[in-house]
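# Structural overview
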Amino acid sequence: MDTTNLNCVIIGASHAGANCAMELRKQGWEGTIVLIDADENLPYHRPPLSKAYLTLAEGGALNPLFAAERYEEENITLALGVTVTGADVTTKTLELSNGTSLKYDVLVLATGASAFVPPILGISNSGNVQVLRSSKDALAIQAAFKNAKNKKVVVIGGGYIGLETAASLQKLGGQVTILEREERILARVAPMELAHFFQELHTKNGVTVKTAVSAKKITQTEDGLLVLGTDENVYEADLVLIGVGVRPNVALGEQLGAALENGIKVNAHLQTSIPQIYAIGDVAQFHHPNYNRWMRLESVQNSVDQAKVVAANITGIPTTYNALPWFWSDQFHIKLQMVGLSHGYTDLVIRIEQEKEDCFSIWYFKDDSLLAVDAVNNGKAFVLGTKFIKNNTVVDKEKLADASIPFKPNTLIKSTTNVN
Ligand SMILES: Cc1cc2nc3c(=O)[nH]c(=O)nc-3n(C[C@H](O)[C@H](O)[C@H](O)COP(=O)(O)OP(=O)(O)OC[C@H]3O[C@@H](n4cnc5c(N)ncnc54)[C@H](O)[C@@H]3O)c2cc1C
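Please read these numbers as outputs of a predicted model, since none were measured by experiment. (Residues numbered from 1 in each chain as written. Predicted model: local features only at pLDDT ≥ 70, side-chain atom pairs only at ≥ 80, totals over all residues. Heavy atoms only, no water.)

### Concerning the pairing of strand β20 (residues 284–288)
As a reminder of what qualifies: With a 1.4 Å probe rolled over the protein chains alone, any residue whose accessible area is under 20% of its type maximum counts as buried; one over 50% counts as exposed, and the rest are partly exposed. Every helix listed is a DSSP run of H or I at least four residues long, and every strand listed is a run of E at least two residues long, numbered separately from the N terminus. Here, strands pair whenever DSSP counts at least two bridges between them.
Among the 5 residues of β20, 4 are classified as buried, and the element is accordingly described as predominantly covered. Sheet topology note: the strand β18 (residues 264–265)/β20 ladder contains 2 bridges and is parallel. Across the sheet, residue I264 finds its bridge partner in β20, namely A284. The antiparallel hairpin formed by β20 and strand β21 (residues 293–295) contains 4 residues in its connecting segment, where N292 sits at a positive phi of about 50°.

Structure (structure tokens):
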């Protein structure tokens, strides 16, 4: 396919967009590539923002996805600190916040997601209420924490972002309280066993975890913030962190007329309902063939793998998306690695490694089929689980549960039905 005179514009220069630009060159795109982002920083890794980055004394350097020279070498035009404010599908024109407009032949929407702020009474009148999505947010949290008199933090939401931020600020000497609306933390994404482990981990490290409690009202006082919970307790805070999930940034997709449904809907080639417009990463709602389910995944793996697939399709190599999802989380001394999706599991096996503290794995099965593995401080379980899922290996559950049996493929496999 001759792409020499074509212009590909990518909106969003985070994990999905920046990787897409690089992949386009790798896969032979000869035309221009313009990568636009409202964020003025050189595109950077987001996971450290709630982990190592937050524990740095002040500021700290962001971890760039690619060095600045790489964009030059690959002849990728970076437009940073520029927001795409409008889009017209008939003229294939984008309006930019710097007053210019830009034509595209192929458009990639990698606009990601934004932190959701729930309508808690008084929230908009209270200072030092933060979300955490960008480096700007992380810097604001660092500054608020540094200036806090009592270092009291209330985290609203016991999901991964909330828990990671709680761990980081507690490590810095904070007095952190997590308020979680559900009966347990990680209610949407983890089984009871894992949620219980993380709740204990946080409690042992001095974090107060309150479940079945929502924030009803936030009041700003001269001394800080007061958060009224549905348990009628008042929680004092210098800083409130909201970590209750995200909403996909669909505004441009909507303006262009693309089909939407919990994100921008894409087909197996990651193409929206409009030819020449694709959507990838956190913003894209796609059908996963292996799980036979529509989903939107919020992970680095998904963004990077979708970037590769979309670049292939744009350069004329028809490719479909069916990557195995994986994700990680760091909290205190714990590294959690997850592979596969456990949705619809019928039973699970917990394997606790002998003589190793805080080292175990949870294996999710649908009958005999291994769906997913959550590995806690256990890289071996993560690697093995990934291999087993990819190869459709039938694992002997009884042997798996018995930690005296070595953790090796030949001791655990019943059969391998299909090698992908
Ligand atoms: C604090 C934190 C910790 C995380 N930890 C992990 C982890 O441990 N493991 C993991 O796998 N994932 C983690 N994630 C999730 C992961 O970072 C996201 O899945 C990933 O960033 C999604 O990439 P994306 O490119 O699709 O979207 P985003 O990263 O959301 O980027 C979208 C970009 O589009 C830009 N944009 C949107 N609209 C416009 C517009 N109109 N004009 C110009 N620019 C626009 C935004 O400025 C933004 O930079 C974490 C996320 C956060 C915030």
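More follows now that the structure is in view.
### Describing the packing of aromatic side chains
Here a ring pair, both rings aromatic, is described through the centre-centre distance and the interplanar angle of the planes. What counts is decided by this rule: Pairing of aromatic rings covers Phe, Tyr and Trp, the last counted by its six-membered ring, and requires centre-to-centre distances within 6.5 Å; plane angles under 30 degrees mean stacked, over 60 mean edge-to-face, and any other angle means tilted. For a lysine, the NZ atom is tested; for an arginine, the CZ atom; a charge sits over a ring if that atom is within 6 Å of the ring centre and within 35 degrees of the ring normal.
Under the defined criterion, the tally for this structure stands at 11 aromatic pairs. Seen in terms of ring centroids, F327 and W328 are 6.5 Å apart; in terms of plane orientation they differ by 35°. Their pairing is tilted. Given a relative accessible area of 23%, W328 falls into the partly exposed group. We note R351 situated over the ring of F407; from NZ or CZ to the ring centre the distance is 4.1 Å. Sitting over the ring of F365, K397 keeps its end group 5.0 Å from the ring centre.

### Quick look at the sheet that holds strand β7 (residues 106–109)
Selection criterion: To get an axis, fit a line to the C-alpha atoms, keeping to the stretch in contact for a helix; angles then go from 0 to 180 degrees between the N-to-C directions. Any two residues whose heavy atoms approach within 4.5 Å at even a single point are treated as in contact.
Overall, parallel pairing links the 5 strands, which are arranged β3-β2-β1-β7-β19 in an open sheet. In this open sheet, the two edge strands, each paired with only one partner strand, are β3 (76–80) and β19 (277–279). Mean inter-strand twist for the sheet, computed between neighbouring axes without regard to direction, equals 15°. On top of the sheet, helix α1 (residues 15–26) reaches β1 (7–11), β2 (32–37), β3 and β7; it is set at about 170° to β2, its chief contact.

### Topic: the pairing of β2
Our working definition: By the criterion used throughout, a crossover qualifies as right-handed when its path from the first strand across the helix to the second strand runs clockwise, the strands pointing away from the viewer.
For β2, a buried count of 5 out of 6 residues is recorded, marking the element as mostly surrounded by other parts of the structure. Across 5 bridges, β1 lies against β2 in parallel orientation. Within β2, the residue paired with I10 across the bridge is L35. Of the crossover connections in this fold, the one passing from β1 over α1 to the parallel β2 is right-handed. Where β2 and β3 come together, 5 bridges link them in parallel fashion. Residue pairing in the sheet places D37 in a bridge with L80 of β3.

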